[in-house]
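Remarks on the overall topology
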Amino acid sequence: MSGPSVFWYTTRSAGMVLLVLLTASVVLGVLTNGRWTTAGVPRFVTSSLHRNLSLLTLVFLVLHIVTAIVDSFAHLGLKDALIPFASDYRRLWMGLGVVAAELFIALVITSLVRGLFGYGAWRLIHLLAYVSWPLALLHGVGTGSDTRAWWALLINFACVTAVFVALAWRAYAVSAARSASHGVLAIATAGGAVALIAFLLMGPLRPGWAIAAGTPANLLIQSTSNGASTASAYTLPRGLNDQLQGSLTQTPSGGALVTLSDVRDPALQVVITISDPNATAVSVAVTHNAQAVCSTQAAVSQGLTAICGMTQLAVQRLVQNADGSVQGVLVTQAA
């Protein structure tokens, strides 16, 4: 295929809608459990709205999961959707999404058959299910392809603000008799906001997150018949003589994955995949701002040489330091 499928766009869209609906459900749940009422609106109306909103959220959750499996990009299967942290694609962040989904499904099912459970058991499951919201949020920003888009940042900011405002109201406006627990809730809310901002700035909003998040190297590149890719408008400049710094990760097959960032332009990364220690050729993928630039084979001699579009690149003086870090020099010229 020349581009993403309709399922790829659908699962991304459903994921964003799902976060909005889940946020609305959590906010309404926090407010109604805090005995929030509005003039002229009976309590049973808000309870019914909460239940129906949860069911609508479940519909979009199913849509999000099914389209993610049907789409061929990440090669996800039923196992990846049911077993947490079993996916090879961004394992941690996909696993958080699976846990969030299963907690929310448990909430919906136990609420529909509430009469079969004692109040204590139902209440415990209900409270645990609220954990699904932060897990879903982390899944979205960690796995999502649109995290750095302005509109995605706006949606995430609005959802976080809505939940934190609801929690703040719950902490300060409900019964003063439990002020100690509400104080803990307020501190936890503030701490969660600070931790989330720090995570975004140090992780998903920084260049190279696609690799750091655990995206398999072969998925970073859309290969063409000649082994190069055109997934990014960025062109590797000629005349570079830049320092590279990064890390080396051993693979179960005995090979290694070397991830290097350009010191002058950290958005530019070179990923070297070594199939085995005796390999005479390796795979080299170049990305810029987490977008694929090219992918090709490189010959191994005194360094690595490869062709990236109309540019020849060489990774020279590649060494591993005592602390485990890796450094080298990126040199480019006209092919």
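Residues numbered from 1 in each chain as written. Predicted model: local features only at pLDDT ≥ 70, side-chain atom pairs only at ≥ 80, totals over all residues. Heavy atoms only, no water.

The subject of this paragraph is the overall build of the protein chain. Per the secondary structure count, the protein chain includes nine helices and eight strands. Counting over 335 residues, the protein chain shows a buried share of 39%. Residue pairs in contact within the protein chain that sit at least 24 positions apart in sequence constitute 53% of those at least 6 positions apart. (Helix = DSSP H or I, 4+ residues; strand = E, 2+ residues; numbered from the N terminus. Buried < 20%, exposed > 50% of the residue type's maximum accessible area, 1.4 Å probe, protein only. Contact = heavy atoms within 4.5 Å.)

Attention now goes to the sheet that holds strand 6 (residues 304–308). Read around the closed barrel, eight strands run 1-2-3-4-5-6-7-8, paired in antiparallel fashion. Here the average twist between neighbouring strands, direction ignored, is 30°. As defined by bridge partners, strand 3 (residues 268–274) adjoins strand 4 (residues 281–288) across six bridges and the pair is classed as antiparallel. When the bridges of strand 4 are listed, Ile 272 appears paired with Val 284. (Pairing = 2+ DSSP bridges. Axes fitted to C-alpha atoms, helices over the stretch in contact; angles between N-to-C directions.)

A word on the state of the cysteines. Scanning all chains against the criterion turns up one disulfide. Covalently, Cys 294 is tied to Cys 308 through a disulfide, its sulfur atoms 2.1 Å apart. On the sign convention where negative means left-handed, the S-S torsion of about -115° between Cys 294 and Cys 308 marks this disulfide as left-handed. Within this pair, whereas Cys 294 is found in strand 5 (residues 291–300), its partner Cys 308 is found in strand 6, the two being separated by 14 residues in sequence. The burial state of Cys 294 is the same as that of Cys 308; both residues are buried. (Disulfide = S-S within 2.5 Å.)

Quick look at the pairing of strand 7 (residues 311–320) now. Summarising the sheet, strand 6 and strand 7 pair through five bridges and their orientation is antiparallel. Directly across from Thr 305, in strand 7, lies its bridge partner Ala 314. In textbook terms, the turn of a hairpin is the stretch between consecutive antiparallel strands, and for strand 6 and strand 7 this stretch comprises two residues, one of which, Gly 309, has a positive phi near 65°. In this sheet, strand 8 (residues 325–334) lies alongside strand 7 in antiparallel orientation, the contact comprising eight bridges. Bridged to Gln 320 within strand 8 is Val 326.

Here the focus is the packing of helix 4 (residues 91–112) against helix 6 (residues 132–143). Look at helix 4 against helix 6: their axes get within 8 Å of each other, and the N-to-C directions meet at 150°. The angle between the axes of helix 4 and helix 6 places the two elements in the roughly antiparallel class. Here helix 4 runs over helix 6; the crossing is left-handed. Counted together, Trp 93, Met 94, Leu 96, Gly 97, Val 99, Ala 100, Leu 103 and Phe 104 of helix 4 and Ser 132, Leu 135, Ala 136, Leu 138, His 139, Gly 142 and Thr 143 of helix 6 form the full contact between these two elements. (Parallel < 35°, antiparallel > 145°, perpendicular 65-115°, else oblique. Left-handed = near helix turned anticlockwise from the far one by under 90°.)

The next point concerns helix 6. With twelve residues, helix 6 extends 16 Å from end C-alpha to end C-alpha; this agrees with the ideal 16 Å at 1.5 Å per step. With nine of twelve residues buried, helix 6 is to be regarded as a mostly interior element. Among the residues of helix 6, Ser 132, Trp 133, Leu 135, Ala 136, Leu 137, His 139, Val 141, Gly 142 and Thr 143 are the ones counted as buried. (Expected span 1.5 Å × (residues − 1).)

Next up on the list: the pairing of strand 3. Of all seven residues making up strand 3, five are buried, and the element is well covered by its neighbours. Of the pairings in the sheet, the one linking strand 2 (residues 256–262) to strand 3 comprises six bridges and is antiparallel in character. What sits directly across from Thr 259, in strand 3, is Val 271. In this antiparallel pair of consecutive strands, strand 2 and strand 3, the connection spans five residues.

Throughout the structure, instances matching the rule amount to two cavities of 30 Å³ or more. Its boundaries defined by the atoms lining it, the largest cavity holds a volume of some 770 Å³. Together, 38 residues line the largest cavity, and Thr 11, Gly 15, His 64, His 139 and Thr 143 are the ones closest to its centre. With eight residues, the single largest contributor to the lining of the largest cavity is helix 1 (residues 6–33). (1 Å grid on protein atoms, 1.4 Å probe; cavity = no way out; pocket = protein on both sides within 12 Å on 5 of 7 lines; lining within 4 Å. Points joined across faces, edges and corners; volume = space filled by probe spheres on them.)

With respect to the secondary-structure elements, Asp 80 resides in helix 3 (residues 78–82). On the basis of relative accessible area, Asp 80 is assigned to the buried category, the value being 8%. At a separation of 2.6 Å, a polar atom in the side chain of Asp 80 contacts the main-chain amide nitrogen of Gly 77. Here the side chain of Asp 80 touches Lys 79 through a polar contact of 3.2 Å, side chain to side chain. Each residue touching Asp 80, except ones within four places of it in the same chain, is listed here: His 75, Ala 86, Ser 87 and Val 98. (Polar contact = N/O pair within 3.5 Å; in protein donor to acceptor, adjacent residues only side chain to side chain.)

Here the focus is a nonpolar patch on the surface. Together, Leu 55, Ile 105, Ile 109, Leu 112, Val 113, Leu 116 and Phe 117 give the surface a local cluster of nonpolar side chains, amounting to about 610 Å² of exposed area. Ranked by the residues each element gives to the nonpolar patch, the list is headed by helix 4, at three residues. Position of Ile 109 relative to the elements: it lies in helix 4. Taking relative accessible area as the criterion, Ile 109 reaches 49% and is therefore assigned partly exposed. (Patch = residues over 30% accessible without salt bridge, like charges linked within 9 Å, V, L, I, M, F, W, Y side chains within 5 Å. Areas by Shrake-Rupley, 256 points an atom, 1.4 Å probe, with all protein chains shown as cover. Salt bridge = Lys/Arg side-chain N within 4 Å of Asp/Glu carboxyl O.)

All right, on to unusual backbone geometry then. Its identity as a non-glycine residue notwithstanding, Phe 85 has a phi of 65°, on the positive side. Within the secondary structure layout, Phe 85 lies in the loop between helix 3 and helix 4. When its relative accessible area of 37% is taken as the criterion, Phe 85 is described as partly exposed. Even without a glycine there, the phi angle at Arg 90 is positive, about 45°. Following the sequence through the fold, Arg 90 ends up in the loop between helix 3 and helix 4.

Honestly, it's all geometry; don't read function into it.
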